[in-house]
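Residues per chain, in single letters:
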Amino acid sequence: MMRKIKRLMFALLSAVGMMMPGILLMTKTGGFRAILSLTVSFLFLLYVNIAPPTGNAGDLHVDTKRLIQLRRGSALILYAGLTFLPCALCFFYGFRRMSDWTGGKILLAVLSVLCWLCGEGILLLNGCLRLMATSVQMGVRYRLLLLLCWWIPVVNLLLFYKLYRLAEQEYETEREKEELNTVRKESECCHTRYPLLMVHGVFFRDFRFMNYWGRISKELMKNGAVIYYGNQQSAASVASCGEELAERIREIVRETGCGKVNIIAHSKGGLDARYAVSKCGAADYTASLTTVNTPHRGCFFADYLLEKAPDGLRRFLAARYNGTLRRLGDSSPDFLSAVEDLTAKACLMRNGSLPDCASVYYRSVATSMKKAKSGRFPLNMSYYLVKHFDGENDGLVSIDSALWGDVYAILRPRGNRGISHGDMIDLNRENIPEFDVREFYVNLVKDLKEKGF
């Protein structure tokens, strides 16, 4: 309640500051008092634009710099929204009551209105720039809408309101995360006995500045996790990637002396990891293997697409993909082998030669979307195709295919959205209602620690 009162107070003071030239004109105030009033108003508006009061300064001890600027951006948009109508009404009724209009007074009235509109515009521009620089939830869509539609009446008001709500929700969510991490910092709940090896899926790489796992890795490290990455080819056969992973595991063990690793693998990365453990001697250096949305039994829709796709098209796509990934750092990408190894036929044949190792703790995670628009492109396009051939799915992998071993979890959060294949690696950095993907992985790793891994 106090926060709302403070915000209303600052909005009122901002309105008075922007209307000050008009107020002086309407009250016929001049001389020293007018100069003093204009100076104080200018300095106050300058302060509001440089360090916008958010109404909760006493609670900022857990806020990061990004969150502070995010909150200030939303406050500026709120101030602009709260002040526009009252200022417009004050000018309308104030100027209507004035008499003896002269050319000079008309000019001053126009300048007063222009000062007010400039003040409103600066508040909005300042707030939007701060949100564009700090908000994760705005995404590309809202940034483009803002650039294209800021000048369209009514549409821009709805857009500004939506951005304000997004920023407020994002702030509250991230602030709760910061508070939670502050409380459990000393416990290091994700500091497992063995380090984590995060293994990416097909068609992606472990880039240094564009993490495949979104905000997940950072959240785990905040809670004590030690993380390494698989660094295998973005697209190659399961056997080839499995050999790379096995060598990567031996390298980590050799250089750190950690003895073993806990593998968390997504999508095809789970197949690569299983191959490394069962076929390439990595079992002695692996404490646990957690697969997430991995097509252990393949994808029937992949069989269908490969069967129907013209040979020329397949060769064309493979050549373009392999050439691009070589330029990005892959030594020997093999698009067709990667895709063929995801078919149900290939997985069925391979599973017979990849027995689980008794010394390794296995578990799997499966998720499902509840409707096509729950996933971003291209998962919203593939959902119905996969559903037709494979059943309930995450946009790419069916639940039946993703489950492996005796220990598994099926995630079906409340609501109509569901969880897509991309959501499980925080691909869009989206805060999903009813499901916190970062906290899910924290609990996943926390469970490994409690089990002695």
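Residues numbered from 1 in each chain as written. Predicted model: local features only at pLDDT ≥ 70, side-chain atom pairs only at ≥ 80, totals over all residues. Heavy atoms only, no water.

When you look at the overall build of the chain in this model, what are you seeing that I'm missing?
When you go through the chain residue by residue, the secondary structure sums to 16 helices and six strands. On C-alpha atoms alone, the chain measures out to a radius of gyration of 29 Å, which is more than a quarter above the 22 Å that the 2.2 N^0.38 rule sets for 453 residues. Long-range pairs, those at least 24 residues apart, make up 78% of the contacts in the chain between residues at least 6 apart in sequence. Of the roughly 22,800 Å² that the chain leaves accessible, carbon and sulfur atoms contribute 63%. (Helix = DSSP H or I, 4+ residues; strand = E, 2+ residues; numbered from the N terminus. Rg over C-alpha atoms; globule rule 2.2 N^0.38 Å. Contact = heavy atoms within 4.5 Å. Areas by Shrake-Rupley, 256 points an atom, 1.4 Å probe, with all protein chains shown as cover.)

Would you take a moment to explain the packing of aromatic side chains for this structure?
Counted under the stated rule, the structure contains 16 aromatic pairs. The interplanar angle of 20° and the centroid separation of 5.3 Å between the aromatic rings of tyrosine 361 and phenylalanine 453 together place this pair among those described as stacked. With a gap of 92 residues between them, tyrosine 361 in strand β5 (residues 361-367) and phenylalanine 453 in the segment after α16 (437-450) connect regions that are remote in the sequence. Sitting over the ring of phenylalanine 207, arginine 205 keeps its end group 5.5 Å from the ring centre. Residue placement shows arginine 274 over the ring face of tryptophan 404; its charged tip is 3.9 Å from the ring centre. (Phe/Tyr/Trp six-rings, centres within 6.5 Å; stacked < 30°, edge-to-face > 60°. Lys NZ or Arg CZ within 6 Å of the ring centre and 35° of its normal.)

Mind showing me how you'd approach the nonpolar core here?
Here is a general trend for soluble globular proteins: nonpolar side chains tend to be buried in one another's company. If you look at the biggest cluster of nonpolar residues, it comprises 36 residues, and the most contacted ones within it are Leu197, Ile249, Val261, Ile263, Val277 and Val360. Of all the elements in the fold, those that place two or more residues in this core are β1 (196-199), α8 (238-256), β3 (261-266), α9 (268-279), α11 (311-328) and α12 (335-340). Excluding residues within four positions of it along the chain, isoleucine 263 makes contact with Leu197, Val199, Ile249, Ala273, Val277, Thr286, Ser288, Leu289 and Thr290. In this structure, Ile419, Met424, Phe435 and Leu444 belong to the second largest nonpolar core, which totals 30 residues. (Core = buried A, V, L, I, M, F, W, Y, C linked by side-chain atoms within 4.5 Å. Buried < 20%, exposed > 50% of the residue type's maximum accessible area, 1.4 Å probe, protein only.)

Would you take a moment to explain the pattern of salt bridges for this structure?
Opposite charge on two side chains permits them to pair, given that their charged atoms come into close proximity. Summed over all chains, the structure comprises 29 salt bridges. Its salt-bridge partner being aspartate 426, residue arginine 215 comes within 2.8 Å of it at the nearest N-O pair. Of the two residues, arginine 215 is situated in the loop between β1 and α7 (216-222) and aspartate 426 in the loop between β6 (408-411) and α16; the sequence distance between them amounts to 211 residues. The pair arginine 215 / aspartate 426 is uniform in exposure class, with both members buried. (Salt bridge = Lys/Arg side-chain N within 4 Å of Asp/Glu carboxyl O.)

Would you explain the pairing of β5 in this entry?
The side chains of a regular strand alternate between the sheet's two faces. Buried residues dominate β5, accounting for seven of its seven residues. Residues of β5 alternate between two faces, with Tyr361, Arg363, Val365 and Thr367 on one and Tyr362, Ser364 and Ala366 on the opposite face, all of them buried. Pairing of strand β4 (residues 286-292) with β5, which is carried by five bridges, proceeds in the parallel orientation. Bridge assignment links serine 288 to a residue of β5, and that residue is tyrosine 361. Across four bridges, β5 lies against β6 in parallel orientation. Looking at the pairing, threonine 367 lines up with leucine 411 of β6. (Pairing = 2+ DSSP bridges.)

What's the story with α9 in this structure? I'm lost.
Two residues of an α-helix separated by three or four positions point the same way, owing to the 3.6 residues in each turn. An ideal rise of 1.5 Å per residue puts 16 Å on 12 residues; α9 measures up with 16 Å between its terminal C-alpha atoms. Glycine 281, located one to two residues past α9, shows a positive phi value of around 80°. (Expected span 1.5 Å × (residues − 1).)

Quick question: what am I supposed to make of the sheet that holds β4 here?
Two orientations exist for strands paired in a sheet by backbone hydrogen bonds: parallel and antiparallel. The strand order across the open sheet built from six strands is β2-β1-β3-β4-β5-β6, with neighbouring strands paired in parallel fashion. Whereas interior strands pair on both sides, the edge strands pair on one side only; in this sheet they are β2 (227-229) and β6. Taking each pair of neighbouring strands and ignoring which way they run, the sheet shows an average axis angle of 20°. For β1 and β3, the ladder comprises four bridges, and the chain directions are parallel. Along β3, the bridge assignment pairs leucine 197 with isoleucine 263. (Axes fitted to C-alpha atoms, helices over the stretch in contact; angles between N-to-C directions.)

In this structure, what is going on with the environment of cysteine 128? I would like to understand it.
Mapped onto the fold, cysteine 128 is located in helix α4 (residues 103-134). On the accessibility criterion, cysteine 128 (7% relative accessible area) is buried. Distance from cysteine 128 to asparagine 262, taken between C-alpha atoms, is 43 Å for residues 134 residues apart in sequence. Excluding its chain neighbours within four sequence positions, the residues that come into contact with cysteine 128 are Ile77, Leu146 and Phe160.

I would appreciate a short explanation of unusual backbone geometry in the present structure.
Where the residue is not glycine, phi is negative for most of them; where a peptide bond is considered, it is trans in most cases. Positive phi, normally seen in glycine, also occurs at phenylalanine 203, with a value near 70°. By the element assignment, phenylalanine 203 lies in the loop between β1 and α7. Residue class for phenylalanine 203 comes out partly exposed when judged on its relative accessible area of 35%. Of note in this structure, asparagine 231 is not a glycine but carries a positive phi near 60°. Relative to the helices and strands, asparagine 231 is located in the loop between β2 and α8.

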